[in-house]
Structure formats: structure tokens, C-alpha cells
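Coordinates in review
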Amino acid sequence: MEEIKIGRGFAHGKIILMGEHAVVYGQPAIAFPFPATKMEVTVTETSGEPTIDCAFYSGVLAKMPELLESLRKVAELVLTDLNQQSAKLKIKIESSIPAERGMGSSAAVAVALTRALYNYFGRKLSKKKLLTIVAAAETIAHGNPSGLDALMTSEETPLYFIKGKEFCPLTLNLDAVLVVGDTGKTGQTKAAVASVAEKIRGSKAEYYQKNLDNIGDLVKRSRGFLEKNDAASLGKAMSEGQKLLKELDVSSYELDHLIETADSAGALGAKLTGGGRGGCMIALASDRKKAEEICLELTLAGARATWIYEMRGIS
Ligand code: PMV
């Protein structure tokens, strides 16, 4: 029996601990891979036109809705690079990363699809090429990506990241536990990134630039708190970060509600994560028991899903 040729590519979600939005303007950010949520793309041969099958669309690749335009771009770039423009492919996307929730699902699908296509054609894929292709897709999805999502959904280590600079792997050895809560409402990264861009060009440009600088300072301090295993100070920095993000108008009613719930349940600090205006929030808990209590309160307050992430022994 003839073996079926199959290509596979994987990626995972990501969590930005501190620095979203400011990272687009050259400030540092701290983020880590979130392997509790995963993306898998499978590529096989088909006899007809190339097709794609995912949660949002199942049909011919060329007729995909505009929402998935960035995916079409990935396929086009990769197939052109591999000189396989007329290949008849069936692409299947399976994901446990909630879409448009600040967990990097758009970057993750671009990473997994690129990897699956190279794997299918038995060709080597350099990190540099992967990031270039994902950046092109993310420019369509987000407008002005920092590159953080592309890295974090494809790498295995937590990072201290500055756009366009050499990134720095971090070790997480914090005696604390992170809780992630999904508001169940889609985030609006593209709109939020565009609105921050408008603010820092507008009449209060200086004020908003200072806001971004302050987020950058918090990220630098947070790196020190992680190194010194100072969970209490990190929690405070997260809450300060949330105030600055709210001033940038990238939070939402649902995010604020879950963040206040986590605070009342005894979190050391809480903030939104990712692009905001919906999507997910994170809260720091002193230990697993407290994290479980916070998860319960978040669920009672309407969270669609919650996750627990141990901040110890990850490098
Ligand atoms: O919403 P997400 O998971 O795509 O994260 C966006 C993070 C931003 O800092 C707002 C944008 C970026 O490109 O870094």
C-alpha cells in the first residue's frame, strides 16, 4: 500500500507577562510560551483545488474569508519559496488556543502552517525564514507587530524581548502561580494597536509617550523581581501596568471585571495580557491553593476558561 505523504507543524500559545503595546515602540516585554494551549497543522495531498479546514472555515483555499487573509499569505509565501505554487494540498488546522484572546493564536497558526508546509516538502526551515514569513502574516493580522508573538509561539523559553534586538532567555523561578482567565470576548489587537498609534501621534502625544516609557520601566523592574523571586513586588507592578494599559484605552469592561474579581480574591496583582479590548487577563497568586481559589472566583464571575501556570523551574 502506498504511504500517504503528510506534513505536520506545531506551535503553542503565549502569555505576555508585562510590556504589551509598549513593546511595539521599542520598550522591553517579558513573555513566555504557554504550552497548555496548542496548535497543530497537518498537510496532505488532495486531487482537486487546495483546501483548508479550520474552526472558522472549511473549503477552497482561494475563497477563504478576509479574516483568514494572513493565512493565505503564509501559504503563498511558503509555496513560492519552495517553488510549489501549483501543489494540490489539503490543510487541516486544529487548535486549543482560543482565537483572538491575546494568546498569540494568529502568530501560532502562521508558525504551525509554515512548519507543516516545509515538513511536507521535506525541506529545512531556518528560524530566520520562519520569523520573516510569520511577520508578513502578522502585519496583515495586526498592522504593526513587534515580533514578540512570532517568537513566543515558536520558542520554548521565556524571553526578555526588545523589538529588533537580540532577545534574552529568562529563567522563571518564582514562588508564585499565574492564573489566566479568558473573558470569552474576542480581543481586538489590530484596533487596539491602531488606537495606541493614534494616541502617540495626537495632541497628547507627550503624555502617551510617557505612559509607554512607564510601562517599559515596569518591565525592567519586573525582570529584577523575577530574578530576586519577589512575587509581591511583581504583583504590584502588574497592577500598576494595568492602570497604564487602561489609560491607553486597551482594557475593556469584561477584563476590568475579571481583574477586580482576582484582586478581591487575594491576587498579588492582575492585568490584561496581549492586545486587550477583550481576550485574557492574568493574575499572580502566592501559591497553587490561592490560584485555584482565584480560578473559581473568575469562573463564577463569568470567565469562559481559566488556566494555572506554575512560575517555577521554567527556563
Ligand atoms: O493580542 P496578541 O496575542 O496578538 O498580542 C499582541 C501584543 C501587542 O504588544 C499588543 C502587539 C505586538 O505586536 O507586540
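Model, not experiment: these values are computed from the prediction. (Residues numbered from 1 in each chain as written. Predicted model: local features only at pLDDT ≥ 70, side-chain atom pairs only at ≥ 80, totals over all residues. Heavy atoms only, no water.)

**Things to note about the site of the ligand**
For clarity, the cut-off: We call a residue near a molecule or strand as soon as one heavy atom of that residue lies within 4 Å of the molecule or strand. Identification of polar contacts relies on pairs of N or O atoms within 3.5 Å, with a donor-acceptor requirement for protein atoms, meaning one able to donate a hydrogen and the other able to accept it, and with residues adjacent in sequence counted only if both atoms are side-chain atoms. Using a 1.4 Å probe, accessible areas were evaluated by the Shrake-Rupley method; residue-level cover was limited to the displayed protein chains. A run of H or I in DSSP counts as a helix once it spans at least four residues, and a run of E counts as a strand once it spans at least two, with each numbered from the N terminus. Residues are sorted three ways: Asp, Glu, Lys and Arg are charged, Ala, Val, Leu, Ile, Met, Phe, Trp, Tyr, Cys and Pro are nonpolar, and all the rest, Gly among them, are polar. All domain edges in this entry derive from an automatic or database-based domain assignment.
Close contacts around the ligand come from 17 residues, with K14, H142, S146, D149 and T189 the closest. The contact in question runs from an oxygen atom of the ligand to an N or O atom on the side chain of T189, over 2.6 Å. Relative to its free-state accessible area of 390 Å², the ligand is covered by the protein chains to the extent of 97%. Of all elements in the fold, only β1 (7-18) and α5 (189-199) reach the threshold of two or more residues within the shell around the ligand. Here the residues of the shell around the ligand are counted per class, giving 6 nonpolar, 8 polar and 3 charged. Split by domain, the shell around the ligand shows at least three residues from each of two domains, domain 1 (7-161) and domain 2 (171-310).

**Some thoughts on the domain arrangement of the protein chain**
Bring the parts together and some accessible area is lost; that lost area is often taken as the interface size. Put simply, the rule is: In this analysis, two residues are considered to be in contact whenever any of their non-hydrogen atoms come within 4.5 Å of each other. Once two parts are put together, the accessible area they lose, assessed with a 1.4 Å probe and summed over both, is termed the buried area. Here, a salt bridge means any Lys or Arg side-chain nitrogen found within 4 Å of an Asp or Glu carboxyl oxygen.
Each domain of the protein chain was delimited in the assignment, giving domain 1 (7-161) and domain 2 (171-310). Relative placement of domain 1 and domain 2: their C-alpha centres are 25 Å apart. The interface is formed by 32 residues belonging to domain 1 together with 42 residues belonging to domain 2. Of the roughly 3,000 Å² buried at the junction of domain 1 and domain 2 (both faces included), carbon and sulfur atoms supply 70%. Taken together, domain 1 and domain 2 are joined by 2 salt bridges. Across the pair R101 and D182 runs a salt bridge whose closest N-O atoms are separated by 2.8 Å. Our count for the domain 1 to domain 2 interface comes out at 11 residue pairs in polar contact (both at pLDDT 80 or more). Of all the secondary structure elements, the ones that give two or more residues to the side of domain 1 that touches domain 2 are β1, β2 (29-45) and α3 (127-142). The dominant element in the side of domain 1 that touches domain 2, judged by the number of residues it contributes, is β2, at 8 residues.

**So, the packing of α3 against α5**
In a pair of packed helices, the angle between the axes and the distance between the axes together describe the arrangement. The condition that has to hold: Where helices are involved, their axes are fitted lines through C-alpha atoms of the stretch in contact, as for all axes, and angles between N-to-C directions lie from 0 to 180°. To sort the angles, those under 35 degrees are grouped as roughly parallel, those over 145 as roughly antiparallel, those from 65 to 115 as roughly perpendicular, and the leftovers as oblique.
Remark: α3 packs on α5, axes separated minimally by 8 Å, with the N-to-C direction vectors making an angle of 80 degrees. In terms of orientation, α3 and α5 fall into the roughly perpendicular class. On the side of α3, the interface is formed by I140, A141 and H142, while α5 contributes T189, K190 and V193. Classifying every residue of the contact of α3 with α5 by side-chain character gives 3 nonpolar, 2 polar and 1 charged.

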